[in-house]
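Observations on chain architecture
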Amino acid sequence: MTDDLKTGRPHEGSRRTFLRGLAGTAVAASFSDAFGLGGAGAPVGKQSSVLDLAATAEALSVTLYFQVLSHASFMLTPETADDLRGVLAAESHHLELLCSLGGRPLTASFALPARLLTDAGVFADTALKLEQISTSAYLGAAHQLAAAQPELAATMAQIAASEAQHLTLLSQLSGYGPFRDTLPAASFRQMADTAPALAPYLKVAGKGEVTPLPADADVRRVLGSRPVPRGEAFVQLYRPAPKR
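Our subject in this report is the structure included herewith. Just so it is clear, the model here is predicted, and its values are computed rather than measured. (Residues numbered from 1 in each chain as written. Predicted model: local features only at pLDDT ≥ 70, side-chain atom pairs only at ≥ 80, totals over all residues. Heavy atoms only, no water.)

Let's talk about the packing of helix α5 (residues 120-145) against helix α6 (residues 150-173)
Rules: The convention used is that axes are lines fitted to C-alpha atoms, helices contributing only their stretch in contact, and that angles between N-to-C directions extend from 0 to 180 degrees. The helix and strand labels rest on DSSP assignments: H or I over at least four residues marks a helix, E over at least two residues marks a strand, and numbering proceeds from the N terminus. The labels follow the angle: roughly parallel below 35 degrees, roughly antiparallel above 145, roughly perpendicular from 65 to 115, and oblique for the rest. In a left-handed crossing the near helix is turned counterclockwise from the far helix by less than a right angle, and in a right-handed crossing that turn is clockwise. Gly counts as polar in this scheme, as do all residues outside two lists: the nonpolar Ala, Val, Leu, Ile, Met, Phe, Trp, Tyr, Cys and Pro, and the charged Asp, Glu, Lys and Arg.
Interaxial distance between α5 and α6 falls to 8 Å at its minimum, and their mutual angle equals 160°. The pairing of α5 with α6 is recorded here as roughly antiparallel in orientation. Between α5 and α6 lies a crossing whose hand is left-handed. A class-by-class count of the residues in the contact of α5 with α6 yields 17 nonpolar, 5 polar and 2 charged.

This is the structure:
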């Protein structure tokens, strides 16, 4: 691990195994095995729209990074905190964009790991898993939408590229080095396939503690005055041609 996310330097063999596990395509067997996610979690219907599931994943990511930046008891150097604020800004922009396109998170409360705010290793592992899920999910969404909604599919590819950047950054910050796989994992054929991977993090009524999605004003407070260049979505730059 790096000095600010330090829980013991990972052995080279375990490092390689961990990264290969994240990048693998063994989702057909078991999501809990492929991603190390335990528990049944809340069921997510396969009929949920692409945009709703995407917004749910982004709301989860916003909640994760907001909580760590606001309440973590382990040390973050100023440089790493600034890097994580950049990731939070991107996830917040993704969520805003998806909602502007009609998406809505399926829940506003999430079940985060118990030691997320006290154990840097738990945070690093959780963030890496979620960024891998998100990268693969948006690739699946792009494939799903390509024929009927190509502009929206290209937007999904844009967000996948952003999530892949986060994955590389977090891998570096966690002491694993740059993510060297030549292609991101194609773990999901369509967005609905992500449901079992997201389920352990979704609210289950009456079971354990849940963490709410932060208000926009609270996110802006954590981001502070950090300038964040916002790209324009493909679907906004290249409007679909009117049907004849």
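Things to note about the packing of aromatic side chains
Applied cut-off: Here a Phe, Tyr or Trp ring, Trp counted by its six-membered ring, pairs with any other such ring whose centre lies within 6.5 Å, and the pair is stacked when the planes are under 30 degrees apart, edge-to-face when over 60, and tilted otherwise. Buried means the residue's accessible area, taken with a 1.4 Å probe over protein chains only, is under 20% of the maximum for its type, while exposed means over 50%, and partly exposed covers the values in between.
Inspection of every chain in the model, using the stated rule, returns 3 aromatic pairs. Residues F74 and F123 carry aromatic rings whose centres are separated by 6.2 Å and whose planes lie at 25° to one another, so their mutual orientation is stacked. Residue F74 is found in the loop between α3 (50-71) and α4 (78-100), and its partner F123 is found in helix α5; the two are separated by 49 residues along the sequence. Taking the relative accessible area as the measure of exposure, F74 reaches 12% and is therefore buried. These aromatic residues form a ring-pair network of at least three members: Y65, F74 and F123.

Describing α4
We count it as follows: The length a helix should cover is 1.5 Å for every residue beyond the first.
For α4, built from 23 residues, the straight-helix expectation of 33 Å at 1.5 Å per residue is met to within 8% by its first-to-last C-alpha distance of 33 Å. In the stretch just after α4, G102 is the one whose phi turns positive, near 110°.

Details of the environment of P227
Locating P227 in the fold gives a position in the loop between α8 (216-223) and α9 (234-237). When the C-alpha positions of P227 and G86 are compared, they lie 9.1 Å apart, and in sequence the two are 141 residues distant.

Looking at α5
For clarity, the threshold we go by: Polar contact is defined as a pair of N or O atoms within 3.5 Å, subject to the rule that within protein one atom must be able to donate a hydrogen and the other to accept it, and that residues adjacent in sequence are counted only when both atoms are side-chain atoms.
Counted at 1.5 Å a residue, the expected span for α5 with its 26 residues is 38 Å, and the 37 Å between its end C-alpha atoms agrees. Of all the 26 residues making up α5, 22 are buried; the element is thus mostly covered by neighbouring parts of the structure. Where α5 begins, one side-chain oxygen reaches toward the backbone nitrogen of G121, 2.8 Å away; that side chain belongs to D119.

Focus: the side chain of S162
Note the cut-off: Contacts between residues were defined by any pair of non-hydrogen atoms, one from each residue, lying within 4.5 Å.
Counting through the fold element by element, S162 comes out in helix α6. The exposure class of S162 is buried, given its relative accessible area of 13%. Ignoring any residue separated from it by four or fewer positions in sequence, one finds S162 in contact with A90 and H94.

These results come straight from atomic positions and should not be treated as a statement about function.
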